[in-house]
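So you can see what is in the structure, the chains are spelled out below.
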Amino acid sequence: MTGDKLGESTMAPLIALLGGFALLRLLGFLAVDTLDGWQPAVRGALALMFVTTGVPHFLPAFRRDFVAMVPPALPRPELLITLTGVLELAGAAGLLVPPLAPYAAAGLALLMLAMFPANVHAARTNGTLAGKPVTPLPARTALQVLFVAAAVAAAL
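All figures in this text were calculated on a predicted structure; none of them were measured in a lab. (Residues numbered from 1 in each chain as written. Predicted model: local features only at pLDDT ≥ 70, side-chain atom pairs only at ≥ 80, totals over all residues. Heavy atoms only, no water.)

Let's talk about the overall build of the protein
We count it as follows: The numbering of helices and of strands both runs from the N terminus, where a helix is a DSSP run of H or I of at least 4 residues and a strand a run of E of at least 2. Computation of the radius of gyration draws on C-alpha atoms, with the globule rule given as 2.2 Å multiplied by the number of residues to the power 0.38. Exposure classes here rest on a 1.4 Å probe applied to the protein chains alone. A residue is buried below 20% of its type maximum, exposed above 50%, and partly exposed in between. Contacts are assigned to residue pairs with any non-hydrogen atoms lying within 4.5 Å of each other. In summary, the charge assignment counts Lys and Arg as positive and Asp and Glu as negative, without counting His or the chain termini. Note that the charge is assigned to NZ on lysines, CZ on arginines, CG on aspartates and CD on glutamates.
Scanning the protein from N- to C-terminus turns up seven helices and two strands. Taken from the N to the C terminus, the helices and strands of the protein come in the order α-α-α-α-α-α-β-β-α. Against the globule reference of 15 Å for 156 residues, the protein gives a C-alpha radius of gyration of 16 Å, in line with a compact fold. Projecting the C-alpha coordinates of the protein onto the three principal axes gives extents of approximately 45 × 35 × 25 Å. Burial analysis of the protein (156 residues in total) assigns 44% to the buried set. A sequence separation of at least 24 residues applies to 67% of the contacts in the protein between residues at least 6 apart. Distance between charge centroids for the protein: 7 Å, based on 9 positive and 7 negative side chains.

Rendered as C-alpha cells:
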C-alpha cells in the first residue's frame, strides 16, 4: 500500500512504530543493554508512536478534525480530545518506566479500542485529518489490529 492509499495521517504512527522498533532493536544488538530484547524495543517504539499521535491533539490544524471525528452521541468532544491526548502522552511516558510499562501498555491497548469508534465515524462521514482524507476503514482496521497487538505484546 502506498501513502496515498493508507493516508498520510496513518503513515506517521506506522513509521514511528516500525521504524522505532527497528532502530531500537538495532541499538540493543549493538550496544545498549537495556534495549537488548524485543520487548524494550516494542515499548520504546510504542512510546514514539504515541508521542506522534498524542501531540497533534493539541495542534489547531489537527484538533478541529479530531473533534469532528468524535461520534455525535458522545458529549463534550473537545474535552474528550484533550483527555485522549493527555492519556496518549502519559501512556508513552509510562512505557519508558519499566515498573509502569506493562500497565501503560495495557491501558493504551484499551484506549485504542475505546477510540476506534471515532475512526469508524470519521471513515463513514468522509472525515479529514489536517485537511486530508482519513484512512479508509479496512486499512485503518488492519492498522488498529497491529497497534493493539503491539500494545498487548508490550504489556506481557
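Structure's up, so let's keep going.
What about helix α3 (residues 38–54)?
Every α-helix carries 3.6 residues per turn, so stepping three or four residues along brings you back to the same face. To keep things clear, this is the line we draw: Helix span, expected: 1.5 Å multiplied by one less than the number of residues in the helix.
Taking 1.5 Å of rise per residue, the 17 residues of α3 would be expected to cover 24 Å, and the 24 Å separating its terminal C-alpha atoms lies within 8% of that figure. Every buried residue of α3 is accounted for by Gln39, Ala41, Val42, Arg43, Gly44, Ala45, Leu46, Ala47, Met49, Phe50, Thr53 and Gly54.

Details of the pattern of salt bridges
To keep things clear, this is the line we draw: The working definition used for a salt bridge is a side-chain nitrogen of Lys or Arg within 4 Å of a carboxyl oxygen of Asp or Glu.
The final tally for this structure, using the stated rule, is one salt bridge. With a shortest N-O distance of 3.8 Å, Arg25 and Asp36 are connected by a salt bridge. Placement of the pair is Arg25 in helix α2 (residues 8–30) and Asp36 in the loop between α2 and α3, with a sequence separation of eleven residues.

Description of the packing of aromatic side chains
Two numbers describe a pair of aromatic rings. These are the distance of the centres and the angle of the planes. Formally: By convention, a stacked pair of Phe, Tyr or Trp rings (six-membered ring in the case of Trp) has centres within 6.5 Å and planes under 30 degrees apart, an edge-to-face pair has planes over 60 apart, and any other such pair is tilted. The rule for a charge over a ring is simple: NZ of Lys or CZ of Arg within 6 Å of the ring centre, and within 35 degrees of the ring normal.
The tally for this structure, following the rule as stated, stands at one aromatic pair. Sitting over the face of the ring of Phe29, Arg25 holds its NZ or CZ atom 4.3 Å from the ring centroid.

Quick look at the nonpolar core
Where a protein is soluble and globular, its nonpolar side chains tend to be buried together. We count it as follows: Take the buried Ala, Val, Leu, Ile, Met, Phe, Trp, Tyr and Cys residues and link them wherever side-chain atoms come within 4.5 Å; each set so joined is a nonpolar core.
Among the nonpolar cores identified, the biggest contains 23 residues, and Leu17, Leu46, Met49, Phe50, Leu95, Met112 and Phe147 are the most heavily contacted of them. Other than its neighbours up to four places away in sequence, Met112 contacts Met49, Phe50, Gln144, Phe147, Val148 and Ala151.

Details of the packing of helix α6 (residues 101–124) against helix α7 (residues 137–155)
Threshold: Structural elements are reduced to axes, namely lines fitted to C-alpha atoms, with helices fitted over the stretch in contact, and the angle between N-to-C directions of any two is expressed from 0 to 180 degrees. By definition in this entry, angles of less than 35 degrees are roughly parallel, angles greater than 145 are roughly antiparallel, angles of 65 to 115 are roughly perpendicular, and the rest are oblique. The nonpolar class holds Ala, Val, Leu, Ile, Met, Phe, Trp, Tyr, Cys and Pro. Asp, Glu, Lys and Arg form the charged class, and all remaining residues, Gly among them, are polar.
Two numbers describe how α6 lies on α7: the axes approach to 8 Å, and their chain directions differ by 170 degrees. Classified by the angle between their axes, α6 and α7 sit roughly antiparallel to one another. For the pair α6 and α7, contact is made by Pro102, Ala105, Ala106, Ala109, Met112, Leu113, Phe116, Asn119, Val120 and Ala123 and by Leu137, Arg140, Thr141, Gln144, Phe147, Val148, Ala151, Val152, Ala154 and Ala155, respectively. Partitioning the contact of α6 with α7 into residue classes produces 16 nonpolar, three polar and one charged.

Thoughts on unusual backbone geometry
A negative phi angle is the norm for most residues apart from glycine, just as the trans form is the norm for most peptide bonds. Phi at Arg76 takes a positive value of approximately 50 degrees, unusual for a residue other than glycine. For Arg76, the location among the structural elements is in the loop between α4 (60–69) and α5 (77–95). Within the chain, Asn126 stands out as a residue other than glycine whose phi angle is a positive 55 degrees.

Some remarks on the environment of Trp38
Position of Trp38 relative to the elements: it lies in helix α3. In this structure Trp38 comes out as partly exposed when scored by relative accessible area, which is 44%. With 116 residues separating them along the chain, Trp38 and Ala154 place their C-alpha atoms 9.0 Å apart. Not counting residues up to four positions away in its chain, the partners in contact with Trp38 are Phe21, Arg25 and Ala153.

A look at a nonpolar patch on the surface
Using the following cut-off: Patch membership requires more than 30% relative accessible area and the absence of a salt bridge. Residues of like charge join within 9 Å; the nonpolar side chains Val, Leu, Ile, Met, Phe, Trp and Tyr join within 5 Å. Here the open area of atoms and residues is found with the Shrake-Rupley method and a 1.4 Å probe, where only the protein chains shown may cover a residue.
A contiguous nonpolar patch, built from Leu23, Leu27 and Val32 and spanning about 230 Å² of accessible area, is present on the exposed surface. Counting through the fold element by element, Leu23 comes out in helix α2.

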